[in-house]
Amino acid sequence: MGFLTKTTAALMWGVLLMAGVGVEAACSSNLLVDDFAAFSQNLNSLGEWTSDDGTMTSISASSGKLTFTPKSDSYFYSPLSCIQASTEGYSAITFPFKAPAGGTFSLEIQTSSGGCGATAYQSHYVAVSGFSSGQTQTVTIPLTNFTGANLAAVKALVWGGFQGGSASSAWELGKVEFMCTNGGASTPMPTTTSSGPVTTANCSSPLVIDDWISQSRLTFLFYNAMMEPSSDDGTMQSIVVDSTKQRVTFMPKAGSYFYSSMNCIASSSRGYGGISMRMKATAGTTMTVELQSSAACDPINFQSFSRTSAQLGWTFDGTEKLYSIPLSSFNGLDKDHVMAVLFTMSGPVTMGPMAFYCGNTVSEYVPPPRTEEPSPTATVPITSATPTAFVIDQFSNPNSNALGFYHGTDDGMSATYSNGQLTLVSSDSDYAFYTQVSSSCRDMRAYENAYLHIAYSGSSKFTIAMQQHNSACNQAVAPYPETWDVVEASRYAVSSTDIYVPLAHFSINKQRVIGFTLKAFQTTNPTVLSKIEIVKTAPSSIKVPSKVPTAPLYFACTRPNSFAFAIDDGIPDLAQQVMQIVKEEGIKVTFFTVGAPLLDPGTNLSSVYAEMHAQGHQIALHSFTHPKLESLPSTADLDWEFKQDIEAVQQALGLTSSYFRPPFGNEGARMRQRLAALIPDAKIINWSVDVEDWLWALSGTPEKQLDAFKRDVNKGGNLVVMHYLYPSTVGYLREFIKIAKATGKQLMRVDQCMEDPSAPAL
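Residues numbered from 1 in each chain as written. Predicted model: local features only at pLDDT ≥ 70, side-chain atom pairs only at ≥ 80, totals over all residues. Heavy atoms only, no water.

Novice: Describe the sheet that holds strand β34 (residues 483–488), listing the residues and the values that go with them.
Specialist: An order of β28-β31-β36-β33-β34 is seen for the five strands of this open sheet, with the pairing classed as antiparallel. The sheet terminates laterally at β28 (407–409) and β34, the two strands that pair on one side only. On average, each strand axis in the sheet is inclined to that of its neighbour by 20 degrees, with strand direction left out of account. In this sheet, strand β31 (residues 432–436) lies alongside β28 in antiparallel orientation, the contact comprising three bridges. Note on β31: the bridge partner recorded for Thr-409 is Phe-433. Helix α8 (residues 669–678) rests against β33 (463–468) and β34 of the sheet, and its axis sits at about 95 degrees to β34. (Pairing = 2+ DSSP bridges. Helix = DSSP H or I, 4+ residues; strand = E, 2+ residues; numbered from the N terminus. Axes fitted to C-alpha atoms, helices over the stretch in contact; angles between N-to-C directions. Contact = heavy atoms within 4.5 Å.)

Given below as structure tokens:
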């Protein structure tokens, strides 16, 4: 919970811990820490930086109090520079507090055993409980309750460990003071009674280390549920998260290990007796568990203590059981400064959610149930069209469809033609099958009331797209295609052999139809196609589902003569260079940000994006953990990604956005439907100019990024994708801008180039 443990955070706030404070005279009145009058400036009453950790559902200040809705792992911190409480005569911390009935929290004070001049600190905790719902009560905690704390060097206060109430319950913190017990104290020391808040060292619920809810959070961003570093040593054969069951399976090689950091948990002071998790492994599997601790909360210099599975009394038999890691088994472990847990294993192991449990009685963390949004059950009347029906594809020729136009798949997708059938097997949700109704544009407005019929067998878990050509009907002009709309094939599968989709459910310009695409396959199970055709009507016996709204997909600016740089996440060290270049070039751009790193103080990205926004650039959404969204197994996973991203940007930056760029450009019916449901007027922003930094930036020919940019601009592309991940890409940015300016187009933010009435005026 300590806020100064990460390298970047230490650099940001290191000024708070500089030269020691001289000995002062005994106090004559209470010392005001915060009355929240300057909360909007992130300052407490001592003029020090203060904030939450970015995970609060909401937080605001008014009328001398802080009102917030926390999550279980949220915290709020208030640095103090260095208060010599014992020397100056302060004997307690006091503040008004309101919590839900039965609510509990912990107050952490951070002190330095080496005095005010030391940079390292130690954390000490007291738990507070006994609240009556709806009543504000005064909490007074004698400083002597913080066992082992150096009260001559108090450097910060941290409120956290919030338990109780509902996910929407509001908590309140009032004026925070150190109480002066020398004659001039402004208020007497109150006596805590059983009816008021009670301070204890007992916890009330598990502290989650990882809930295995996201593959990309773990193996792409390398975070656990605490938003702390977590990874293997790079030698595992695989680490696979099953988010539907909230389990992770490790496939190790000899010597492989996996670790999960905890940011110096004061487990003993907070009442935690050990760590538990469910595991499954074959008989004979052995493991070693290592716990790391550091009295200075130093992630580099720590002590390690190991126990084997035999020493812990673990045996495996191929079934899932609850296992525990009692902290008392690790002789010498500093139980108030636990830094990480590390596992080595002799064979595959499947692990459930991992959490600290309260006391010495082993218990487990059981994640709350995750619910899928039910699919709409409404139906629409069957319609009919008058134009002649026609067959698009019968798969007799691998090189062309029944109309003589192109059909084929993306490289990497398995496609087998045999006996008038096509068998598709997709190992990646990026792969697609295409079949065209024209080599340029086909006017299908007369078919608005007709149906797309697909005769198939096997899996129907894929997306069907109807593609719209650009206004030139020319594939040499970017973007090509201009856009498409989508539906879920499974919703329109009337049986295991037939899919009927009203063409009216594809919201595109049907005067410029290119063809149809089957994409975003959710499973590696085969789909066997025998016919794709346009029919006048659907069988009268079927029920046609209503159209689920989808967020529109853009590859280009809509404003005439406009051009926009849309830049995805990168390295904070390069961000300043990017901002300097665009400032000198006199343009505004759009930055798409991944949410999870905003909540990690060590990245400093919240400060980076706040500065970008202050300079007039647009900040938009790019998912929470950067997965291929259509690869996620459920809509619950999609909702988690979107909701967490929205909350992260709101908490870290105080911003909302309806603009979203899917990681890797990966989109399909499910993600577009859920995005539309969760974000009013959502817009999906892909690109028509790709600098291909992912391909060339680290190659021996990084200048090919310039070639790629020129190629797409020459085709008419006007919406860029690039990252500030690589020095070579940022090094070419000024030249990219000059090339774009040379087209005569006006450079602007994405919302401006989309003619958004809420965008800043040009």
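Novice: Now, about the environment of Gly-174: what can you tell me, with residues and values included?
Specialist: The residue Gly-174 is located in the loop between β11 (171–173) and β12 (176–180) in this model. Spatially, the C-alpha atom of Gly-174 lies 9.8 Å from that of Gln-137, the residues being 37 residues apart in sequence. In this structure Gly-174 touches Asp-34, Phe-36, Gly-64, Lys-65, Phe-95 and Pro-96, once residues within four positions along its chain are discounted.

Novice: Just give me the short version of α8, but keep the residues and values in it.
Specialist: Counted residue by residue, α8 has seven buried out of ten residues, so it is predominantly covered. Among all positions of α8, only Ala-669, Arg-670, Met-671, Arg-672, Gln-673, Arg-674 and Leu-675 are buried. On its buried face, α8 sits against β33, β34, β39 (553–554), α7 (635–653), β43 (659–660) and β44 (683–685). (Buried < 20%, exposed > 50% of the residue type's maximum accessible area, 1.4 Å probe, protein only.)

Novice: Describe empty space enclosed by the protein, naming the residues involved and giving the relevant values.
Specialist: Within the structure shown, the criterion is met by two cavities of 30 Å³ or more. Estimated volume of the second largest cavity: approximately 170 Å³. Ser-106, Gly-161, Cys-203, Ser-204 and Tyr-272 are the residues nearest the centre of the second largest cavity, which is lined by 18 residues in total. Broken down by secondary-structure element, the contributors of at least two residues to the lining of the second largest cavity are β7 (104–111), β8 (122–129) and β10 (154–163). (1 Å grid on protein atoms, 1.4 Å probe; cavity = no way out; pocket = protein on both sides within 12 Å on 5 of 7 lines; lining within 4 Å. Points joined across faces, edges and corners; volume = space filled by probe spheres on them.)

Novice: Explain the layout of surface pockets to me, and be specific about the residues and the numbers.
Specialist: Gaps left between atoms are located by rolling a probe of water-molecule size over the structure's atoms. Approximately 1,500 Å³ is the volume attributed to the largest pocket. Lining the largest pocket are 43 residues; nearest its centre among them are Lys-71, Ser-72, Tyr-365, Pro-368 and Gln-644. Broken down by secondary-structure element, the contributors of at least two residues to the lining of the largest pocket are β10, β14 (207–210) and α7. With eight residues, α7 is the single largest residue contributor to the lining of the largest pocket.

Novice: Lay out unusual backbone geometry with the relevant residues and their values.
Specialist: The step from Ala-478 to Pro-479 runs through a cis peptide bond, and the omega angle for that step is 0 degrees. Tracing the sequence through the fold places Pro-479 in the loop between β33 and β34. Note the cis peptide between Tyr-480 and Pro-481, where omega equals -10 degrees. Topologically, Pro-481 is positioned in the loop between β33 and β34. The phi angle at Asn-604 is positive, at roughly 65 degrees, despite the residue not being glycine. Among the secondary structure elements, Asn-604 is positioned in the loop between β41 (590–593) and α6 (605–614).

Novice: Would you mind going over the nonpolar core in detail, with residue names and values included?
Specialist: Among the nonpolar cores identified, the biggest contains 55 residues, and Phe-565, Phe-709 and Tyr-724 are the most heavily contacted of them. A total of seven residues in this core trace back to one element, the largest contributor, which is helix α11 (residues 727–742). Each residue touching Phe-709, except ones within four places of it in the same chain, is listed here: Phe-563, Phe-565, Val-689, Asp-690, Val-691, Val-720, Phe-736, Ile-739 and Ala-740. Counting residues in each nonpolar core, the second largest holds 40 residues, with Ile-239, Phe-305, Phe-316 and Met-354 among its members. (Core = buried A, V, L, I, M, F, W, Y, C linked by side-chain atoms within 4.5 Å.)

Novice: Talk me through the packing of aromatic side chains; I want residue IDs and the actual numbers.
Specialist: Per the stated rule, a full pass over the model turns up 35 aromatic pairs. With a centroid separation of 6.2 Å and 45 degrees between ring planes, the pair formed by Tyr-75 and Tyr-77 is classed as tilted. This pair shows no difference in class: Tyr-75 is buried, exactly as Tyr-77 is. Three or more aromatic residues joined by ring pairs make a cluster, and in this case those are Phe-36, Phe-39, Phe-68, Phe-76, Phe-95, Phe-97, Phe-105, Trp-159, Phe-162 and Trp-171. If you follow Arg-270 out to its NZ or CZ, it ends over the ring of Tyr-125, 5.1 Å from the centre. If you follow Lys-628 out to its NZ or CZ, it ends over the ring of Phe-664, 5.8 Å from the centre. (Phe/Tyr/Trp six-rings, centres within 6.5 Å; stacked < 30°, edge-to-face > 60°. Lys NZ or Arg CZ within 6 Å of the ring centre and 35° of its normal.)

Novice: Please give an account of the confidence of the model for the chain that cites residues and values.
Specialist: Averaged over all residues, the pLDDT of the chain equals 91, while 94% of them reach at least 70. A low-confidence stretch, residues 1–24 (pLDDT under 50), is modelled with 70 contacts involving residues beyond four sequence positions or located in other chains. In the predicted structure, residues 183–196 sits below a pLDDT of 50 and forms 26 contacts with residues beyond four places in sequence or in another chain. (pLDDT = per-residue confidence, 0-100.)

Novice: Give me the sheet that holds strand β23 (residues 338–345): which residues, what numbers.
Specialist: One open sheet holds the five strands; their spatial order is β15-β18-β23-β20-β21, and the pairing between them is antiparallel. Whereas interior strands pair on both sides, the edge strands pair on one side only; in this sheet they are β15 (230–232) and β21 (303–308). Taken over all neighbouring pairs, the strand axes of this sheet differ in orientation by 20 degrees on average, direction set aside. Relative to β21, strand β20 (residues 287–293) is paired through six bridges, and the arrangement is antiparallel. Residue pairing across strands places Thr-288 opposite Thr-308, the latter belonging to β21.

Novice: I'd like a description of the environment of Ala-472, backed by residues and values.
Specialist: Looking at where Ala-472 falls in the secondary structure, it is placed in the loop between β33 and β34. The class for Ala-472 is partly exposed, based on a relative accessible area of 45%. Sequence-wise, Ala-472 and Ser-606 are 134 residues apart; in three dimensions their C-alpha atoms are separated by 42 Å.

Novice: I'd like to hear about the state of the cysteines, residue by residue, with values.
Specialist: In protein structure, a disulfide is the covalent linkage between the sulfur atoms of two cysteines. Here the structure, examined in full by the defined rule, presents five disulfides. For Cys-557, the disulfide goes to Cys-753, at an S-S distance of 2.3 Å. Handedness here is read from the sign of the S-S torsion; for Cys-557 and Cys-753, about -80 degrees, the answer is left-handed. In this pair, Cys-557 is assigned in the loop between β39 and β40 (562–568) and Cys-753 in helix α12 (residues 750–753), connecting sequence segments 196 residues apart. (Disulfide = S-S within 2.5 Å.)

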